[in-house]
Amino acid sequence: TVVEEVFLKNSEHPGALHYLIHSYDDPIHAPLGLRSARIYARVAPQAAHALHMPSHIFVAMGMWDEVIASNEDSWAASEARVKRKNLPLEDRGYHSLWWLQYGYLQQGRFEDARRALGIVEQDAKASPSPLIRFHLVQMCAVYSIETGRPCELPSGITTSGLDLPAVAANLLATGMANLNRGQRAGAESSLSELRKLKGALHPGSSETQMSHHDHIYPGDVQAVEIMKKELEALLLTADGRSKDAVQLMVEATALEDKMSFEFGPPVPPKPSHELFGEILLQLERPDAARAQFEMALIRAPGRALSLLGLARAHAQMGEKAKARETYTELRRMWRRADKEIQKALDDTLAKM
């Protein structure tokens, strides 16, 4: 390619490095971009976005130490720039902060992830900027889904005017949290709103119905539909309608498999193969669950909840050696996790 030719002539060309990373930032091709990522990390040490870019490759390879280091450096450079130039809140590096939080969550560092979220919460209270609210909504959703802990938007903060996948992510996370707390009505309310979003995306919808959303991309339709099916499947599972739930998850995973690989925090925020695996574990179908977790890890290598699910599937199948191996892999990834998370995993390993 043209970019590869430029790279051969000048291996530190910032533009070539930038576009090489974008060319390879998926789990299949990411190893080809690892050299460019490592070079770019040192070429522009004061450029916040250049410092962030290597994490596109690191996320795609599940390299969480590098993801965190890259985005910590990017956030620090962004903060230094804002301070140096006396820039407004909107110029803070929220993009890298979102990716940083995701890296913390994969390492079981929930307290660090919550602190990152707190920064955006405070800024959203100070400014109604859609940029800030977008990052708050996404970070709140991913925090809730990854930790199983509720995360509510501050009073007065809405999702009005945000991109549809962000609105849907908030509804999915809220619905899942309500269902986990036994608040059925709240989960059903979130599902109702997701259905309305799906209706707004229907080809027959009028421009008036869709006008409050600035951008509708081809992948938005699939993402919203997947999240709707995921929440529907969870409600059906809670009702004991397992056959219907499984069918919905078959449809959801088929839709996600048609989408391009995500190159950062996942969209939808709960990968459908991972959720399908968790539902199948509840239904005591560990062999089928194992296959779903393995597929989830192809799309998102090193995802903590997929590894945890895979370990539980092996254990439920009586495959103790494979379960221990997977739990041990997760324990290495969680070596800097919050103490209670480390203890829970250590206790599990001790019983095997």
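The model shown is predicted, which means the values in this text are computed figures rather than measured ones. All residue numbers refer to positions counted from 1 along the written sequence of the respective chain. The model is predicted, so local features are restricted to residues of pLDDT at least 70 and side-chain atom pairs to those at 80 or more, both for listing and for counting; the totals for chains, interfaces and linings are taken over all residues. The basis for every side-chain value is the complete set of heavy atoms in the structure, and neither hydrogens nor water enter the calculation.

Asks: I would appreciate a short explanation of the overall build of the chain in the present structure.
Replies: Along its length, the chain carries 19 helices and 0 strands. Computed over its C-alpha atoms, the radius of gyration of the chain comes to 21 Å, within 12% of the 20 Å expected for a compact globule of 352 residues. Counting only C-alpha atoms and orienting by the principal axes, one finds that the chain spans roughly 60 × 55 × 40 Å. When the accessible surface of the chain is totalled, it reaches about 16,200 Å², and 53% of it is carbon and sulfur. Strands here are runs of E lasting at least two residues and helices are runs of H or I lasting at least four, both read from the DSSP assignment and numbered beginning at the N terminus. Radius of gyration here is computed from C-alpha atoms only, and the compact-globule reference equals 2.2 Å multiplied by the residue count raised to the power 0.38. Every accessible area reported is derived by Shrake-Rupley at a probe size of 1.4 Å, with residue values counting cover from the shown protein chains alone.

Asks: Honestly, the packing of helix H7 (residues 94-106) against helix H8 (residues 110-126) in this entry has me stumped. Any pointers?
Replies: Between two packed helices, the angle of one axis relative to the other and the distance separating the axes together describe the packing. The angle between two axes is taken between their N-to-C directions and runs from 0 to 180 degrees, where each axis is a line fitted to C-alpha atoms and a helix contributes only its stretch in contact. It is at 7 Å that the axes of H7 and H8 come closest, and there the two elements cross at 155 degrees. The angle between H7 and H8 falls in the class roughly antiparallel. Both H7 and H8 take part in a crossing whose hand is left-handed. Across from Tyr94, Leu97, Gln101, Tyr104 and Leu105 in H7, the residues of H8 making contact are Phe110, Asp112, Ala113, Ala116, Leu117, Ile119, Val120 and Asp123. Following the grouping adopted for this structure description, the nonpolar residues are Ala, Val, Leu, Ile, Met, Phe, Trp, Tyr, Cys and Pro, the charged ones are Asp, Glu, Lys and Arg, and the polar ones are all others, Gly among them. Looking at the contact of H7 with H8 residue by residue, the class counts come to 10 nonpolar, 1 polar and 2 charged. Roughly parallel refers to an angle under 35 degrees, roughly antiparallel to one over 145, roughly perpendicular to one between 65 and 115, and oblique to any angle outside these ranges. A clockwise turn of the near helix away from the far one marks a right-handed crossing, whereas an anticlockwise turn of less than a right angle marks a left-handed crossing. Only heavy atoms enter the contact rule, under which two residues are in contact if any of them lie within 4.5 Å.

Asks: Before we go on, may I ask you to explain helix H6 (residues 64-85) in this structure?
Replies: Note on helix geometry: an α-helix contains 3.6 residues per turn, so any two residues three or four positions apart are oriented the same way. To estimate how far a helix should extend, the number of its residues minus one is multiplied by 1.5 Å. The first and last C-alpha atoms of H6 sit 31 Å apart over 22 residues, in line with the 32 Å expected at 1.5 Å per residue. For each residue, the accessible area found with a 1.4 Å probe, counting protein chains only, is set against the maximum for its type, and the residue is called buried under 20%, exposed over 50%, and partly exposed in between. Residues of H6 that are buried: Trp64, Val67, Ile68, Ser70, Asn71, Ser74, Trp75, Ala77, Ser78 and Val82. On the buried face of H6, the contacting elements are helix H4 (48-52), helix H5 (54-60), H7, H8 and helix H18 (320-333). Of the residues flanking the end of H6, it is asparagine 86, one or two places downstream, whose phi is positive at about 55 degrees.

Asks: Would you mind showing me how to read the packing of H8 against helix H9 (residues 130-147) here?
Replies: The contact between H8 and H9 brings their axes to 9 Å, and the two run at 155 degrees. Put simply, H8 runs roughly antiparallel to H9. Judged by the twist between their axes, the crossing of H8 over H9 is left-handed. Where H8 abuts H9, its residues Phe110, Ala113, Arg114, Ala116, Leu117, Val120, Glu121, Asp123 and Ala124 lie against Ile132, His135, Leu136, Met139, Cys140, Tyr143, Glu146 and Thr147. When its residues are assigned to classes, the contact of H8 with H9 shows 11 nonpolar, 2 polar and 4 charged.

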